[in-house]
Amino acid sequence: MTSIKQPGEKELMLFSGRAHPELAEEVARNVGVSLTPTKLHDFANGEIYARYLESVRGCDAFVIQSHTAPINKWIMEQLIMVDALKRASAKRITVVMPFFGYARQDKKGRGREPITARLMADMFKTAGADRLMSIDLHTSQIQGFFDGPVDHLFAMPVLERYLKDKLDLENTTIVSPDTGRVRLSERWADTLGTPMAFIHKRRDLDVANQVKVNEVVGKVRGRTCVLIDDMIDTAGTICKAADALYEQGATDVIVAATHAVFSDPAVDRLKNSRISEVIVTNTLPLREEQLFDKLTVLSIAPLIARAITEVFSDGSVTSLFEGDS
């Protein structure tokens, strides 16, 4: 079965690009449909061709693609897929991007810089997207860049369920690796009933992925610290934060993050760090050589599937997070 029909000829169809087919297949199983057969291939010069092998006229289309490396190729493929749906008369097109590419560039820190998160939103709107769905955006303001509904999903419930079974909450502190994640840390701390701390850092604006840890603010001595973040890229920030926590007397440091970007040398840094466990979700695919003993990967597919079902049935996505939206 490649679609679900409701009275009034409402029809859900799910489409996947080639970036992370395993996640798309898992989402499809949770929704209860099969991925719509799609022909995707590259021309000799790198241009991408897309064609759907079934009629999509009048359908409620959901196009899932993970923006992983090579990120520009997979973003372009998703744009082309959206354009093909628009020109094939799909009724509504929802772009599902578990990881929103270019989300870190959401404002101008200095003159003559782009705001590429806004550019991304504009490109998908121009291609024909009616709605966006993403998980743990780098900043919530990105929701306002798209002229249409944006479903901002949170991986926190998935990560928390796993951690609750492992932690002694009376001896746990939730830690934000920088001031930008303080609000997220507060939500974690409120839900788990733990204290929170944060690490004050400064970033070198002239050198990408370089940070300098200054000080830890909060109660961490003699406690298990859970460092939370939206993504791990080169792991420089998270490893330096873990070192700072151990220097302040933390007995154990666990890392929980949504997006495992894992650009080099992230895996080596994490393997050789004092962090006891790194917990991520499968919003992005991981190669065999990126897996290591301390890594735990949780599936985000059930959450995406529930959100897709709520959107299709005109239900409440907010209800998935008990009012947190």
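It should be emphasised that the depicted structure is a prediction, and the values quoted were computed from it without experimental measurement.

Peer 1: Honestly, the overall build of the protein chain in this entry has me stumped. Any pointers?
Peer 2: Looking only at helices and strands, the protein chain has eight helices and 15 strands in total. For the protein chain, the C-alpha radius of gyration of 20 Å lies close to 20 Å, the compact-globule estimate for 325 residues. Principal-axis analysis of the C-alpha atoms gives the protein chain an extent of 60 × 40 × 35 Å. Counting across all 325 residues of the protein chain, residues that qualify as buried make up 51%. Here the contacts in the protein chain between residues at least 6 apart in sequence split such that 64% fall between residues at least 24 apart. Accessible surface, the protein chain: about 15,100 Å² in total, of which carbon and sulfur atoms supply 47%. Computed over 40 positive and 44 negative side-chain charges, the inter-centroid distance for the protein chain is 4 Å.

Peer 1: Please clarify how the pattern of salt bridges should be interpreted in this entry.
Peer 2: When the charged atoms of two side chains with opposite charge come close together, those side chains can pair. The full count for this structure, using the stated rule, is 16 salt bridges. Note that K86 and D83 form a salt bridge whose closest N and O atoms lie 4.0 Å from each other. Here K86 and its partner D83 are both found in helix α2 (residues 71-87), three residues apart, which amounts to about one turn of the helix. Residues participating in the shared-partner salt-bridge network are R18, D42, K73 and E77.

Peer 1: Is there a simple way to think about the environment of P195 in this case?
Peer 2: For P195, the location among the structural elements is in the loop between α5 (182-192) and β10 (196-203). Among the residues examined, P195 registers a relative accessible area of 34% and is labelled partly exposed. Contacts of P195, omitting those with residues within four sequence positions, involve T172, T173, I174, A189 and R223.

Peer 1: It is not clear to me how the packing of helix α4 (residues 156-164) against α5 should be interpreted in this structure. Could you clarify?
Peer 2: Packed helices, taken two at a time, are described by the angle their axes make and the gap between the axes. Taken N-terminus to C-terminus, the directions of α4 and α5 make an angle of 45°; their axes are 12 Å apart at the nearest point. In terms of axis orientation, α4 runs oblique to α5. Of the two possible hands of crossing, α4 and α5 adopt the one that is right-handed. Residue-level inspection shows M156, L159, E160, L163 and K164 of α4 in contact with α5, the latter providing R187, W188, T191 and L192.

Peer 1: Hey, could you run me through unusual backbone geometry in this one?
Peer 2: Glycine aside, negative phi is the norm for most residues, and most peptide bonds take the trans geometry. The omega torsion across A69 and P70 is -5°, close enough to zero to call that bond cis. For P70, the location among the structural elements is in the loop between β5 (60-64) and α2. Here the residue pair D264 and P265 is connected by a cis peptide bond, since its omega of 5° sits within 30 degrees of zero. Phi is positive for S89, close to 70°, though the residue is something other than glycine. Within the fold, S89 resides in the loop between α2 and β6 (92-97). In this structure, D314 takes a positive phi of about 60° despite not being glycine.

Peer 1: How should the nonpolar core be read in this particular structure?
Peer 2: What tends to happen in soluble globular proteins is that the nonpolar side chains get buried as a cluster. Core analysis: the biggest nonpolar cluster contains 44 residues, and V27, W188 and I308 have the highest contact counts within it. Looking at which element gives the most residues to this core, the answer is helix α8 (residues 301-312), with eight residues. Ignoring any residue separated from it by four or fewer positions in sequence, one finds I308 in contact with L12, L14, V27, V31, F62, V96 and M133. Among the nonpolar cores identified, the runner-up in size contains 32 residues, and V82, F124, L132 and F145 belong to it.

Peer 1: Whenever I open this one, the packing of α2 against helix α3 (residues 116-127) confuses me. Can you help?
Peer 2: Axis separation between α2 and α3 bottoms out at 8 Å; the angle between their running directions is 30°. When the interaxial angle is binned, α2 and α3 end up roughly parallel. For the pair formed by α2 and α3, the contact residues are I75, Q78, L79, V82, D83 and K86 on the first element and M120, M123, F124, T126 and A127 on the second. Across the contact of α2 with α3, the residue classes break down as seven nonpolar, two polar and two charged.

What counts and what doesn't
- As a convention, each chain's residues are numbered from 1 in the sequence order in which they are written.
- The predicted nature of this model means local features are confined to residues of pLDDT at least 70 and side-chain atom pairs, given and counted, to a pLDDT of 80 or more, with totals for whole chains, interfaces and linings taken over all residues.
- No hydrogens and no water enter the side-chain calculation; it runs on all heavy atoms of the structure.
- A run of H or I in DSSP counts as a helix once it spans at least four residues, and a run of E counts as a strand once it spans at least two, with each numbered from the N terminus.
- Here the radius of gyration uses the C-alpha set of atoms, whereas the globule reference equals 2.2 Å times the residue count to the power 0.38.
- Between buried and exposed lies partly exposed: a residue is buried under 20% and exposed over 50% of the maximum accessible area for its type, with that area taken using a 1.4 Å probe on protein chains only.
- Two residues qualify as a contact provided that any one of their heavy atoms is within 4.5 Å of a heavy atom in the partner residue.
- Accessible areas in this description were obtained via Shrake-Rupley with a 1.4 Å probe; residue shielding takes into account the shown protein chains only.
- We score Asp and Glu as negative and Lys and Arg as positive, and we do not count His or the chain ends.
- Positions of charges follow a simple convention, taking NZ of Lys, CZ of Arg, CG of Asp or CD of Glu.
- Should a side-chain nitrogen of Lys or Arg be within 4 Å of a carboxyl oxygen of Asp or Glu, the pair is scored as a salt bridge.
- The convention used is that axes are lines fitted to C-alpha atoms, helices contributing only their stretch in contact, and that angles between N-to-C directions extend from 0 to 180 degrees.
- These descriptions rest on fixed angle ranges, namely under 35 degrees for roughly parallel, over 145 for roughly antiparallel, 65 to 115 for roughly perpendicular, and the rest for oblique.
- Two helices crossing with the near one rotated counterclockwise from the far one by less than a right angle form a left-handed crossing, whereas a clockwise rotation gives a right-handed crossing.
- In this text, buried Ala, Val, Leu, Ile, Met, Phe, Trp, Tyr and Cys residues form a nonpolar core when linked through side-chain atoms within 4.5 Å.
- Nonpolar residues are Ala, Val, Leu, Ile, Met, Phe, Trp, Tyr, Cys and Pro. Charged residues are Asp, Glu, Lys and Arg, and all others, Gly as well, are polar.

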